[in-house]
Amino acid sequence: MSYPICVTCGVQYGAAVSACPVCEDARQYVPVGGQEWTSLEALRASHANEIRDDHGLVGIGTTPKFGIGQRALLVEDVLWDCVTLLDDDTAAQVGSLRAIAISHPHYYSSMVEWARAFDCPVLLHEADRQWVMRPDAAIEYWSGDTYDLGRGMTLIRCGGHFAGGTVLHRGTDLLTGDIVQVIPDREWVAFMYSFPNFIPLPGSSVQAVGAALEPFAFERIHGAWWGAVIEADGSNIVRRSVERYLAALDGNLM
Ligand SMILES: [Zn+2]
């Protein structure tokens, strides 16, 4: 059976549906040309994954760009975030995984395909359970503020962009997807409810992201895209970016 995949967000569905709730949500969009579907089989014929170093971690991204265009990262044998395309070549290069952890629903992609191929769980925060479009026994929901992944890795629930918005901390690295967005100026980060629709977050949510990260020290911030990496001073950059954001919401533009 061929599971439908939304062309715009790259999320795979467990059954045929007429619309994509992920894209109809205010944080995403249905393109002016209308809803389109594809399948993993079709994607394997038209796309390939690029697997290479990205600032010290192994990145996995699809070419040509598919869906939202994020690249996943390998942290030892944990896959951070996910991409829709999984093919034999990718599976062979990745080797083995003990877990998949995903920042938020826009990157749920074909997570169940990955979990089955690598016989490992997908760890999602329970606050985003409603956005799982292909339920499966491999999906494990965690709750609370943090989850110990072992070997010095911690999942931190920040909320913000999504209620269950999660980042991964290990040593001096913070992997954020776009829960903490690395922006072109690598001296700052940003936070949004919707990136494509330019809807900001309320101050209380941005403060909550900052508070969730306050107990953790980190230098590098690995964002959602190839090269979207801040190399140093990450903790301070998040701190001052929260302050700048709150000031802007109050009308104080620097
Ligand atoms: Zn979609």
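Residues numbered from 1 in each chain as written. Predicted model: local features only at pLDDT ≥ 70, side-chain atom pairs only at ≥ 80, totals over all residues. Heavy atoms only, no water.

As recorded by an unreviewed UniProt entry, the chain carries the name Metallo-beta-lactamase domain-containing protein and is attributed to Solirubrobacter pauli.

Colleague: What is the right way to read the overall build of the chain from this model?
Modeller: In terms of regular secondary structure, the chain is built from six helices and 17 strands. Here the chain has a C-alpha radius of gyration of 17 Å; the compact-globule value for 254 residues is 18 Å, and the two agree. Judged by the C-alpha coordinates and their principal axes, the chain covers about 55 × 40 × 30 Å. For the chain, with 254 residues in total, the buried portion stands at 55%. (Helix = DSSP H or I, 4+ residues; strand = E, 2+ residues; numbered from the N terminus. Rg over C-alpha atoms; globule rule 2.2 N^0.38 Å. Buried < 20%, exposed > 50% of the residue type's maximum accessible area, 1.4 Å probe, protein only.)

Colleague: I would appreciate a short explanation of the sheet that holds strand β11 (residues 153–157) in the present structure.
Modeller: Strands belonging to one sheet form pairs held by backbone hydrogen bonds; the direction of such a pair is parallel or antiparallel. Pairing is mixed across the open sheet formed by six strands, whose spatial order is β10-β11-β12-β13-β16-β17. Each edge of the open sheet carries a strand with a single partner, namely β10 (146–150) and β17 (229–230). The pairing of strand β16 (residues 220–223) with β17 spans two bridges and is classified as antiparallel. Bridging from a neighbouring strand, His 222 pairs with Val 229 of β17. (Pairing = 2+ DSSP bridges.)

Colleague: Can you walk me through the pairing of strand β3 (residues 48–54) in this structure?
Modeller: Consecutive side chains along a regular strand alternate between the two faces of the sheet. Sheet topology places β3 next to strand β4 (residues 57–63); seven bridges connect them, and they run antiparallel. Bridge pairing in β4 places Asp 54 opposite Leu 57. Between the antiparallel neighbours β3 and β4 lie two residues, among them His 55 with a positive phi of about 55 degrees.

Colleague: Any chance you could explain empty space enclosed by the protein here in plain terms?
Modeller: Take a probe with the size of a water molecule and roll it over the atoms, and the empty space left behind shows itself. Under the criterion given, the structure shown has one cavity of 30 Å³ or more. The computed volume of the largest cavity comes to approximately 60 Å³. As for the largest cavity, its lining consists of Val 11, Gln 12, Tyr 108, Ser 109, Ser 110, Met 111, Val 112, Trp 131, Met 133 and Arg 134. For the lining of the largest cavity, the residue count by class is six nonpolar, three polar and one charged. (1 Å grid on protein atoms, 1.4 Å probe; cavity = no way out; pocket = protein on both sides within 12 Å on 5 of 7 lines; lining within 4 Å. Points joined across faces, edges and corners; volume = space filled by probe spheres on them. Nonpolar A, V, L, I, M, F, W, Y, C, P; charged D, E, K, R; others polar.)

Colleague: What should I look at first to understand the packing of aromatic side chains in this one?
Modeller: When we look at a pair of aromatic rings, we describe it by the centre distance and by the angle of the planes. Counted under the stated rule, the structure contains five aromatic pairs. Consider the rings of Phe 191 and Tyr 245, whose centres lie 5.8 Å apart with planes at 75 degrees: the pair is edge-to-face. Of this pair, Phe 191 sits in the loop between β15 (189–190) and α5 (203–213) while Tyr 245 is found in helix α6 (residues 234–249), placing the two residues 54 residues apart along the sequence. Given the relative accessible area of 0%, Phe 191 is considered buried. For Tyr 245, a relative accessible area of 13% translates into the label buried. Here Arg 134 stacks its cationic end above the ring of Tyr 3, 3.8 Å away from the centre of that ring. Lying across the ring of Trp 188, Arg 244 places its NZ or CZ 4.0 Å from the centre. (Phe/Tyr/Trp six-rings, centres within 6.5 Å; stacked < 30°, edge-to-face > 60°. Lys NZ or Arg CZ within 6 Å of the ring centre and 35° of its normal.)

Colleague: Can you walk me through the pattern of salt bridges in this structure?
Modeller: Here the idea is simple: oppositely charged side chains can pair when their charged atoms come close. On inspection of all chains with the given rule, the structure shows 13 salt bridges. Between Asp 77 and Arg 151 there is a salt bridge, and its shortest N-O distance comes to 3.3 Å. One end of the pair, Asp 77, is in the loop between β5 (72–75) and β6 (78–80); the other, Arg 151, is in the loop between β10 and β11, and 74 residues separate them in sequence. Residue classification places Asp 77 among the buried positions, given a relative accessible area of 17%. Ionic contacts of the salt-bridge type, sharing partners, join the residues Glu 76, Asp 77, Arg 98, Arg 151, Arg 170, Asp 173 and Arg 220 into one network. (Salt bridge = Lys/Arg side-chain N within 4 Å of Asp/Glu carboxyl O.)

Colleague: Where do I start with the sheet that holds strand β9 (residues 139–142) in this structure?
Modeller: Reading across from one edge, β3-β4-β5-β6-β7-β8-β9 is the order of the seven strands in this open sheet, with mixed pairing throughout. Sheet topology places β3 and β9 at the edges, where each strand pairs with a single neighbour. Adjacent strand axes in the sheet meet at a mean angle of 25 degrees when their direction is disregarded. In terms of strand pairing, β5 meets β6 through three bridges, oriented antiparallel. Opposite Leu 73, over in β6, you have Trp 80 as the bridge partner. (Axes fitted to C-alpha atoms, helices over the stretch in contact; angles between N-to-C directions.)

Colleague: Is there a simple way to explain the coordination of the zinc ion in this structure?
Modeller: By definition of the ideal shapes, a tetrahedral metal site with four donors has angles of 109.5 degrees and an octahedral site with six donors has angles of 90 or 180 degrees. Protein coordination at the zinc ion comes from Cys 6 (SG), Cys 9 (SG), Cys 20 (SG) and Cys 23 (SG), with a distance range of 2.3 to 2.4 Å. Coordination at the zinc ion comes from four donor atoms whose angles at the metal span 104 to 118 degrees, giving a geometry best classed as tetrahedral. (Donors = N, O, S within 2.8 Å, 3.2 Å for Na, K, Ca; no water. Tetrahedral: all angles 85-135°; square planar, octahedral: opposite > 155°, others 65-115°.)

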